[in-house]
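Remarks on the overall topology
So you can see what is in the structure, the chains are spelled out below.
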Protein chains: 2
Amino acid sequence: MNKINIINAKETEKLLSYEKVIETIEEVYTQKANDRTVVFPLVFHEFDPGVADMDIKSGWLKDSKIFGLKLVSWYGDNVEKGLPALMGTVLICDAETGAPKGILDGAYITGIRTGAAGAIGTKYLARKNSENLLLVGAGHVASFMIPETLIAMPGIKTVRIYDPIDIKFAESLIAKIEANHKGIKFEAVTDIAKATGLSDVIITVTPSKTPLIKKEWVKPGTHFSCIGADMSGKEELDPEISRGARIYVDDLPQNVNVGEIEIPIKNGIITKEDVVGEIGEVIIGRIQGRISEDDITIFDATGTALLDLLTGELAISEAEKQGVGTVVEL
Amino acid sequence: MNKINIINAKETEKLLSYEKVIETIEEVYTQKANDRTVVFPLVFHEFDPGVADMDIKSGWLKDSKIFGLKLVSWYGDNVEKGLPALMGTVLICDAETGAPKGILDGAYITGIRTGAAGAIGTKYLARKNSENLLLVGAGHVASFMIPETLIAMPGIKTVRIYDPIDIKFAESLIAKIEANHKGIKFEAVTDIAKATGLSDVIITVTPSKTPLIKKEWVKPGTHFSCIGADMSGKEELDPEISRGARIYVDDLPQNVNVGEIEIPIKNGIITKEDVVGEIGEVIIGRIQGRISEDDITIFDATGTALLDLLTGELAISEAEKQGVGTVVEL
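Not measured: the values here are computed from a predicted model.

Next up on the list: the overall build of chain A. Counting its regular elements, chain A contains ten helices and 16 strands. Since a compact globule built from 330 residues should have a radius of gyration of about 20 Å, the 19 Å found for chain A is in line with a globular shape. For chain A, the spread of C-alpha atoms along the principal axes amounts to about 60 × 40 × 40 Å. Residue burial in chain A is summarised as follows: out of 330 residues, 54% are buried. Sequence separation of 24 or more characterises 72% of the internal contacts of chain A that already satisfy a separation of 6 or more.

This is the structure:
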């Protein structure tokens with residue numbers, strides 16, 4: 001029998017601050033760059049293609065002494081049943097004994113850790129004087145991405161939000177978050193060409209399978225954090241934007257297969273060797289980020305279980321301090 | 001938020017009867033034979049080869065409308081720390097919505113479902129008049145294997161137990177279980193050659209990497225349920241025993257890679273085509289089991305997540321009826 005803490009979504013939300021999650025995700029990238037992590041093979045199954053699927057991501061963080069997994073299911077029809085389409089469970093084990101130590105709802109963790117990933121790419125690669133942020137996509141992850149990017153980039157003054165499906169999603173996201181960000185100007189936009197030309201930082205978080213941003217709209221010096229592409233065939237940027245850009249990734253073999261760089265590589269616009277390196281290598285100073293104010297920089301983030309595991313571990317450790325969660329003898 | 005039942009090892013033990021678990025595992029094999037199951041790819045990682053590893057087995061039972069996984073860790077050094085070497089967690093999800101529905105300790109479930117697997121192989125393949133059972137290996141799984149085989153084979157009169165490490169393990173297992181089986185003669189043995197020659201049914205449950213039973217000791221008509229081999233390189237029988245035997249498996253591609261038949265196939269003693277079929281095909285009557293009283297029959301059971309998932313589902317449904325477990329809003 002072994003004590004294990006079960007932490008639900010509401011508890012996780014209270015336990016995790018954006019600031020600490022950003023630090024945590026930087027720590028994940030640092031451990032990865034120092035070769036102190038292992039990402040295990042992905043298990044993916046489509047129950048009904050395009051309608052229902054599940055995946056199991058797992059891995060090991062040596063310095064944090066944890067391993068574990070996240071099982072995520074996506075059932076498109078759930079919304080009609082009044083259920084969330086995306087559900088997930090994170091299981092964290094002690095890598096010194098193998099004992100399970102915590103189980104957490106996976107949906108909130110996925111949102112907050114993905115928001116941190118995009119924010120960190122921006123922090124290390126965007127121009128320091130960036131003032132104009134454009135979010136492409138106004139879904140669940142965008143609601144984390146904006147506050148976390150505003151923490152990582154305190155110079156941002158204007159946030160524009162474009163949603164490829166309906167401007168209403170952008171408007172309701174703004175209504176939900178703007179009160180928390182006094183002094184920031186929020187704007188829901190329909191003209192993505194114009195908004196692109198006004199932006200220093202563009203974060204894409206859609207499930208798009210066709211490019212949303214054309215090369216000719218982009219001004220010199222723009223940074224992109226590309227978050228949406230996490231499956232073969234997904235893309236958010238005109239592949240030509242990659243030509244000549246300084247490109248950074250989160251897990252090169254995975255980015256080549258399923259990330260934003262998949263299609264530019266397949267089209268011969270860039271090669272794998274054109275990727276400058278992983279974001280963690282920038283964080284630890286092994287490789288250089290942006291060189292000139294005019295560089296186009298791209299952070300292609302596909303996400304690994306490592307992000308969920310160390311974020312979950314943070315929640316477990318905060319829960320222990322605060323006496324939160326349901327402790328069960330398993 | 002979604003209600004999920006957390007069921008620990010002690011609760012699982014009270015909820016599951018041997019009889020119902022045997023029925024449940026027959027149901028798993030039946031669904032598998034009817035092509036109503038999917039076994040997802042195995043994730044396996046050695047943290048420290050021979051010292052610590054973990055695996056994640058997962059799958060989907062279409063008729064039972066569940067999918068999920070079992071994460072099992074094995075830390076050989078845990079025993080010195082007063083912890084179990086083997087620890088596991090089972091996560092079961094509703095295949096209609098993707099929602100997690102239960103989390104269970106994996107160690108007890110692994111024992112009871114593996115015991116049922118060996119018992120079912122014996123029930124369908126051994127001679128009906130079998131009286132003499134030999135257990136090779138006196139560990140955790142053997143303590144389930146014996147009572148479950150005695151239920152499946154009510155004609156058994158004598159149970160001999162041989163442990164390749166120390167007869168004390170066989171003696172202490174007998175001391176633990178014999179009071180529950182009045183009328184059965186139990187005997188701890190050291191002469192495996194002689195015990196083999198006396199046996200109608202032999203069940204092997206060791207982690208051996210060298211054969212423990214030689215062909216010349218085996219009498220005609222013997223049935224083997226081979227449970228120990230679940231990794232490349234493991235073997236419990238002299239590969240020559242396979243020559244001319246009627247061989248049945250639980251998941252052919254997995255058996256070829258990691259089961260008892262791996263080495264006889266690699267040595268050219270048998271081919272994959274010599275395998276008669278999967279045990280579920282015998283249960284549903286698609287293929288024939290034993291033909292003659294003199295056949296040597298072998299059931300090579302490697303185990304899949306399907307067994308854990310449907311056994312876990314049985315525990316969840318019993319727990320709901322009895323109000324057992326810790327229900328958490330995840």
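As a further point, take the interface of chain A and chain B. Taken together, the 40 residues of chain A in the interface contact 40 residues of chain B. Listing elements by their share of the side of chain A that touches chain B, those giving two or more residues are β3 (43-48), β4 (52-61), β5 (66-75), β6 (86-94), β7 (100-105) and β16 (326-329) of chain A. Tallying contributions element by element places β5 of chain A first for the side of chain A that touches chain B, with six residues. Broken down by class, the residue content of the side of chain A that touches chain B amounts to 27 nonpolar, ten polar and three charged.

A separate point is the sheet that holds strand β13 (residues 246-249) of chain A. Residues and elements named next belong to chain A. Taken in spatial order, the eight strands line up as β10-β9-β8-β11-β12-β15-β13-β14 in an open sheet, and their pairing is parallel. For this open sheet the edge positions go to β10 (185-189) and β14 (275-278), each flanked by a neighbour on one side alone. Recorded for the sheet is a direction-independent mean angle of 20 degrees between the axes of neighbouring strands. The strands touched by helix α4 (residues 142-152) within the sheet are β8 (132-136), β9 (158-162) and β11 (201-204), with β8 carrying the most contacts at an inclination of about 165 degrees.

A few words now on the relation of the copies chain A and chain B. Least-squares fitting of chain A to chain B yields an RMSD of 0.0 Å, with the superposition described by an axial translation of 0.0 Å and a rotation of 180 degrees. Interpreted geometrically, this transformation is the action of a two-fold axis. Closest approach to the rotation axis among the C-alpha atoms of chain A is made by V43 of chain A, whose C-alpha sits 3.9 Å away. A share of 100% of the interface residues of chain A reappears at the interface of chain B, consistent with the copies meeting face to face through the same patch.

Glancing now at the packing of helix α3 (residues 106-125) of chain B against helix α10 (residues 305-322) of chain B. All names here are of chain B. As a packed pair, α3 and α10 sit with axes 9 Å apart at the nearest point and diverge in direction by 110 degrees. Taken together, the axes of α3 and α10 lie roughly perpendicular to each other. Across the interface between the two elements, G106, I109, T110, I112, R113 and A117 of α3 pack against L307, D308, T311 and G312 of α10.

Moving on, we get to the pairing of strand β6 (residues 86-94) of chain B. All names here are of chain B. In terms of burial, β6 is largely enclosed, as seven of its nine residues are buried. Looking at chain direction, strand β5 (residues 66-75) and β6 are connected through nine bridges and run antiparallel. Its bridge partner lying in β6, F67 is registered against C93. Bridge count for β6 against strand β7 (residues 100-105) is five bridges, and the pairing is antiparallel. Looking across to β7, one finds that V90 is bridged to L104. With antiparallel pairing between neighbouring strands as the criterion, β6 and β7 make up a hairpin whose turn holds five residues, including G98 at a positive phi of roughly 85 degrees.

This brings us to the pairing of β4 of chain A. Residues and elements named next belong to chain A. Summarising burial for β4: eight of the ten residues are buried, a large majority. Pairing geometry for strand β2 (residues 37-39) and β4, over three bridges, is antiparallel. Paired with V38 across the strands is W60, a residue of β4. With five bridges joining them, β3 and β4 adopt antiparallel strand pairing. Along β4, the bridge assignment pairs F44 with D55. Between β3 and β4, which pair antiparallel in sequence order, lie three residues; one of them, G50, sits at a positive phi of approximately 80 degrees. Between β4 and the antiparallel strand that follows it, β5, lie four residues; K65 among them carries a positive phi value of about 60 degrees.

Before going further, it helps to examine the domain arrangement of chain A. Residue and element names in this part refer to chain A. By the assigned domains, chain A splits into domain 1 (3-109 + 306-329) and domain 2 (117-303). Computed over C-alpha atoms only, the centres of domain 1 and domain 2 are separated by 24 Å. Between domain 1 and domain 2, the contact holds twelve residues from the first and 16 residues from the second. Of all the elements, helix α2 (residues 18-33) adds the most residues to the side of domain 1 that touches domain 2, at nine residues. Split into classes, the residues belonging to the side of domain 1 that touches domain 2 amount to seven nonpolar, two polar and three charged.

What follows deals with the confidence of the model for chain A. Confidence along chain A averages 96 in pLDDT terms, with 100% of residues attaining 70 or more. Overall fold confidence for the complex sits at a pTM of 0.93, while the interface term, ipTM, reaches 0.92.

A turn of α-helix holds 3.6 residues, and therefore any two residues three or four places apart point the same way. All names here are of chain B. Look at α10: 25 Å from first C-alpha to last across 18 residues, which is about the 26 Å you get at 1.5 Å a residue. Within α10, 13 of the 18 residues are buried, which leaves it mostly tucked inside the rest of the structure. Just beyond α10, the residue with positive phi is G323, at close to 65 degrees.

Definitions and cut-offs
- Residues numbered from 1 in each chain as written.
- Chains lettered and ligands numbered in written order.
- Predicted model: local features only at pLDDT ≥ 70, side-chain atom pairs only at ≥ 80, totals over all residues.
- Helix = DSSP H or I, 4+ residues; strand = E, 2+ residues; numbered from the N terminus.
- Rg over C-alpha atoms; globule rule 2.2 N^0.38 Å.
- Buried ≥ 20, exposed ≤ 12 C-beta atoms within 10 Å, placed from the backbone.
- Contact = placed C-beta atoms within 7 Å.
- Nonpolar A, V, L, I, M, F, W, Y, C, P; charged D, E, K, R; others polar.
- Pairing = 2+ DSSP bridges.
- Axes fitted to C-alpha atoms, helices over the stretch in contact; angles between N-to-C directions.
- Least-squares fit on C-alpha atoms with pLDDT ≥ 70 in both.
- Parallel < 35°, antiparallel > 145°, perpendicular 65-115°, else oblique.
- Domains from an automatic or database assignment.
- pLDDT = per-residue confidence, 0-100.
- Expected span 1.5 Å × (residues − 1).

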